[in-house]
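# Observations on chain architecture
Each chain is listed here by its residues.
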Amino acid sequence: MTSVLWQDLTAEELREKAARDAVVVMPVASMEQHGPHLPVGVDTILCSGVCKLAAERAEGVEVVVAPTLWCGMAEHHMAFGGTFTFDIPTYRAVLLALLKSLERHGFHRVVIVNGHGGNIAALAAFLPDFARETSLQIRATTYFLLAQEAMAPFMDDQVSVLHACEVETSMMMVLAPETVRQDRLPEAFGMLDADLTALTRPTVGRYRPFREMTQTGVIGDARKATAQKGKAFLDASADALAKLLSERGGQG
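Read on for a plain summary of the structure. Counting restarts for each chain, with residues numbered from 1 along the sequence as it is written. A pLDDT threshold of at least 70 governs which residues receive local features in this predicted model, and a stricter bar of 80 or more applies before side-chain atom pairs are shown or counted, although totals over entire chains, interfaces and linings include all residues. Working from all heavy atoms in the structure, the side-chain values ignore hydrogens and water.

### Concerning the environment of arginine 92
Defined as follows: Runs of E in the DSSP output that reach at least two residues are strands. Runs of H or I that reach at least four are helices, and both are numbered from the N terminus. Note on definitions: a residue-residue contact is assigned when non-hydrogen atoms from the two residues lie within 4.5 Å. Any N or O atom pair separated by 3.5 Å or less is treated as a polar contact, with the protein-specific requirement of one donor-capable and one acceptor-capable atom, and with residues adjacent in sequence counted only for side-chain atom pairs.
Mapped onto the secondary structure, arginine 92 falls in helix 3 (residues 88-104). Distance from arginine 92 to phenylalanine 126, taken between C-alpha atoms, is 6.9 Å for residues 34 residues apart in sequence. Not counting the four nearest positions on each side in its chain, arginine 92 is found in contact with Phe126, Asp129, Phe130 and Glu133. One polar contact links arginine 92 to glutamate 133, side chain to side chain, over a distance of 2.3 Å.

### Thoughts on the sheet that holds strand 3 (residues 109-114)
Inclusion rule: Strands are labelled as partners when DSSP assigns at least two bridges between them. All axes are obtained by fitting lines to C-alpha atoms, using only the stretch in contact for helices, and the reported angles, taken between N-to-C directions, cover 0 to 180 degrees.
Reading across from one edge, 2-1-3-4 is the order of the 4 strands in this open sheet, with parallel pairing throughout. With partners counted over all chains shown, the strands left at the sheet margins are strand 2 (63-65) and strand 4 (137-142), one partner each. For this sheet, the mean angle separating the axes of adjacent strands, direction not counted, is 20 degrees. Looking at chain direction, strand 1 (residues 23-28) and strand 2 are connected through 3 bridges and run parallel. Bridged to valine 25 within strand 2 is valine 65. Each of strand 1, strand 3 and strand 4 is contacted by helix 3, which is oriented at about 160 degrees to strand 1, the strand it contacts most.

### Description of unusual backbone geometry
Note the cut-off: Accessibility here uses a 1.4 Å probe with only protein chains present; expressed as a share of the type maximum, an area under 20% marks a residue as buried, one over 50% as exposed, and anything in between as partly exposed.
With phi around 60 degrees, aspartate 21 is a residue other than glycine that occupies positive phi space. Note on placement: aspartate 21 falls in the loop between helix 1 (11-19) and strand 1. Judged by relative accessible area, which is 29%, aspartate 21 ranks as partly exposed. Located in the positive-phi region is alanine 164, a residue other than glycine, with phi close to 55 degrees. Inspection of the secondary structure assignment puts alanine 164 in the loop between helix 6 (148-151) and helix 7 (166-175).

Take a look at the structure:
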């Protein structure tokens, strides 16, 4: 099977995909701390892996997966070290430059697939601008929110994906097992009694860096992670995204 990854294809092959109105999946993620047990590339590794699997599983539509944008909005993790972050104007400008490149190459349909919670608000704010400033049909989704219902039955304590948690750690045990520091798992937990609704949808908002909320850099309990769960989470995520892509190329 021909690779779905942009980076594996020739320029000629990509021109042909544009001529056939292929959908471009644009993964966007982050490079940030993920506790004592996971590498800083978690969001990029997971988002890339989910997008590749989803593109391979999508039916009735040709899909090509662009290289993952590995830097995002991660100021809240900076105090821990190991983190890169954009500011809002830079993030917007980089995304727009990438989208305009796709537009110039003759692509028409783009699905931005996000793998980092800190990017969600910015992406929502940018979409009207991108619609005005390009001719592209653009949709955006966060893969773990898209698949939340399908992932929930496999979670022990969580109702959603948190940070360096049971879900992310389990998925890393499948996609990059050699990077999981198994000897640090006993200390990989934090904010176990947190009110997640207040944390993610506060009535009154204020900025709080992760260092003030969790000393380990973890929200959730990675001690519950297993590779078996990781396979289930990965399949649920890829299938949900594949379904979106298959429904009129994600442009429904």
